[in-house]
Amino acid sequence: MATTDERGKRVITEAEIRSLSSGDVLRIDEDALLTPLAADMTRERGVLVERVRPRSAAHSVRIAIGADHGGFEMKEQLKKVLADLGHEFQDFGTHSTEAVDYPDYAHVVARAVARGTCDLGIVIDGAGIGSCMVANKVPGVRAAMCYDEPSARNSREHNGANVLTLGGKMITLDLMRKVVTAWLTSDLTEDRHKRRVSKIIAVEKQYSDRDKC
């Protein structure tokens, strides 16, 4: 018997059921919607559906997540971390370990943050460097590649980072959990740091006003 954790997803389709067998447990949010076909498949296959009330978060946010093939496996674990912390997320892919190009996924996550459809973004590739470069090309995005808890807290408290990039091949799953938790529980609050971030925004505005994308 195996447990598949799909907490954080609003809609559960047959795609989440196909790999499950009799006696397996599908763990989903209390208010998640099972499509009719997915519900039929769980009954036919003898899959046990466990509905869990999401853990409340003092400041729940909607997070855009994405990864290339090098970060796919860590992204799947990231979903569980975000669900445990009580945050919603939108997964922009990729959805397998088949080779893809990291700029495509970093761009779409950064764009979701810049447009305000998501509050924050997290992107994972092999090293975290390339995705950080891409995300920072999108006006309104301040992406930070973090590698431990202090760098995660600093990026939020001092620099107002709104996108986090991680190296799926560079850090362990346990460290990822600690970094993400530190990042999401820190914020830009001190006036001196807000003043410096406003200067970052002013520099960006000089170029975005001149060269509209």
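Here's what I pulled together on the structure shown here. (Residues numbered from 1 in each chain as written. Predicted model: local features only at pLDDT ≥ 70, side-chain atom pairs only at ≥ 80, totals over all residues. Heavy atoms only, no water.)

Looking only at helices and strands, the protein chain features seven helices and 10 strands. In terms of overall size, the protein chain behaves like a compact globule, its C-alpha atoms giving a radius of gyration of 18 Å where 213 residues would be expected to give roughly 17 Å. Taken along its principal axes, the extent of the C-alpha atoms in the protein chain is 60 × 35 × 30 Å. Evaluated residue by residue, the protein chain yields a buried proportion of 44% over its 213 residues. By sequence separation, contacts in the protein chain at least 24 residues apart represent 63% of the contacts at least 6 residues apart. Here the protein chain has roughly 11400 Å² of accessible surface; of this, 50% comes from carbon and sulfur atoms. Averaging the locations of the 31 positively and 32 negatively charged side chains of the protein chain gives two centres separated by 5 Å. (Helix = DSSP H or I, 4+ residues; strand = E, 2+ residues; numbered from the N terminus. Rg over C-alpha atoms; globule rule 2.2 N^0.38 Å. Buried < 20%, exposed > 50% of the residue type's maximum accessible area, 1.4 Å probe, protein only. Contact = heavy atoms within 4.5 Å. Areas by Shrake-Rupley, 256 points an atom, 1.4 Å probe, with all protein chains shown as cover. Lys, Arg positive; Asp, Glu negative; His and termini not counted. Charge placed at Lys NZ, Arg CZ, Asp CG, Glu CD.)

Okay, unusual backbone geometry next. Following Gly-93, the chain continues to Thr-94 via a peptide bond in cis, the omega torsion being 0°. The residue Thr-94 is located in the loop between strand E7 (88-91) and helix H3 (102-115) in this model.

With that out of the way, let us pick up the environment of Ser-155. As for its placement among the helices and strands, Ser-155 is situated in helix H5 (residues 149-157). Sequence-wise, Ser-155 and Leu-188 are 33 residues apart; in three dimensions their C-alpha atoms are separated by 8.9 Å. Those residues in contact with Ser-155 that lie beyond four places of it in its chain are Ala-144, Cys-146, Gly-160, Ala-161 and Trp-183. A distance of 2.9 Å separates the side chain of Ser-155 from the backbone oxygen of Ala-152, its partner in a polar contact. (Polar contact = N/O pair within 3.5 Å; in protein donor to acceptor, adjacent residues only side chain to side chain.)

Within the largest apolar cluster, 25 residues are counted, with the highest numbers of intra-cluster contacts made by Leu-82, Ile-122, Leu-166 and Val-180. Elements with a minimum of two residues in this core: strand E6 (62-67), helix H2 (72-84), strand E8 (120-125), strand E10 (163-167) and helix H6 (173-184). Considering each element in turn, this core owes the most residues, six residues, to H6. Sequence-distant contacts of Leu-166, defined by excluding residues within four places in its chain, comprise Ile-122, Val-123, Ile-124, Asp-125, Ala-127, Gly-128, Cys-146, Ile-171, Met-176, Val-179 and Val-180. Judged by nonpolar contacts, the second largest core, of 16 residues, contains Ala-106, Ala-112, Ala-135 and Ala-143. (Core = buried A, V, L, I, M, F, W, Y, C linked by side-chain atoms within 4.5 Å.)

This next bit is on the pairing of strand E3 (residues 25-29). Most of E3 is tucked away, with four of its five residues classed as buried. For strand E1 (residues 3-5) and E3, the ladder comprises three bridges, and the chain directions are parallel. Bridge pairing in E3 links Thr-3 to Val-25. With five bridges connecting them, E3 and strand E5 (residues 48-52) associate as parallel partners. Across the sheet, the residue bridging to Arg-27 is Glu-50, located in E5. (Pairing = 2+ DSSP bridges.)

Moving on, we come to the packing of H5 against H6. Remark: H5 packs on H6, axes separated minimally by 8 Å, with the N-to-C direction vectors making an angle of 25°. When the axes of H5 and H6 are compared, the pair comes out roughly parallel. Viewed along their axes, H5 and H6 form a crossing whose handedness is right-handed. The residues of H6 that touch H5, namely those facing Glu-149, Ala-152, Arg-153, Ser-155 and Arg-156, are Lys-178, Val-179, Ala-182 and Trp-183. (Axes fitted to C-alpha atoms, helices over the stretch in contact; angles between N-to-C directions. Parallel < 35°, antiparallel > 145°, perpendicular 65-115°, else oblique. Left-handed = near helix turned anticlockwise from the far one by under 90°.)

Further remarks concern the sheet that holds E7. Neighbouring strands of a sheet are bound in pairs by backbone hydrogen bonds; such pairs are parallel or else antiparallel. Pairing is parallel across the open sheet formed by five strands, whose spatial order is E7-E6-E8-E10-E9. Both edges of this open sheet fall to E7 and strand E9 (143-145), since each of them pairs with a single strand only. Ignoring strand direction, the axes of neighbouring strands in this sheet form an average angle of 25°. Relative to E10, E9 runs parallel, the two sharing three bridges. In the sheet register, Met-145 faces E10, and the bridge partner there is Thr-165. Contacting E6, E8 and E10, H3 runs over the sheet at an angle of about 170° to E8.

A side chain of one charge can pair with a side chain of the opposite charge if their charged atoms are brought near each other. According to the stated counting rule, one finds 10 salt bridges in the structure shown. Two residues, Lys-178 and Asp-174, come together in a salt bridge whose shortest N-O distance is 3.4 Å. In this pair, Lys-178 and Asp-174 both sit in helix H6, four residues apart, roughly one turn of the helix. The exposure class of Lys-178 is partly exposed, given its relative accessible area of 39%. Each of Lys-75, Glu-76, Lys-79 and Asp-91 takes part in salt bridges that share partners, so that together they form one network. (Salt bridge = Lys/Arg side-chain N within 4 Å of Asp/Glu carboxyl O.)

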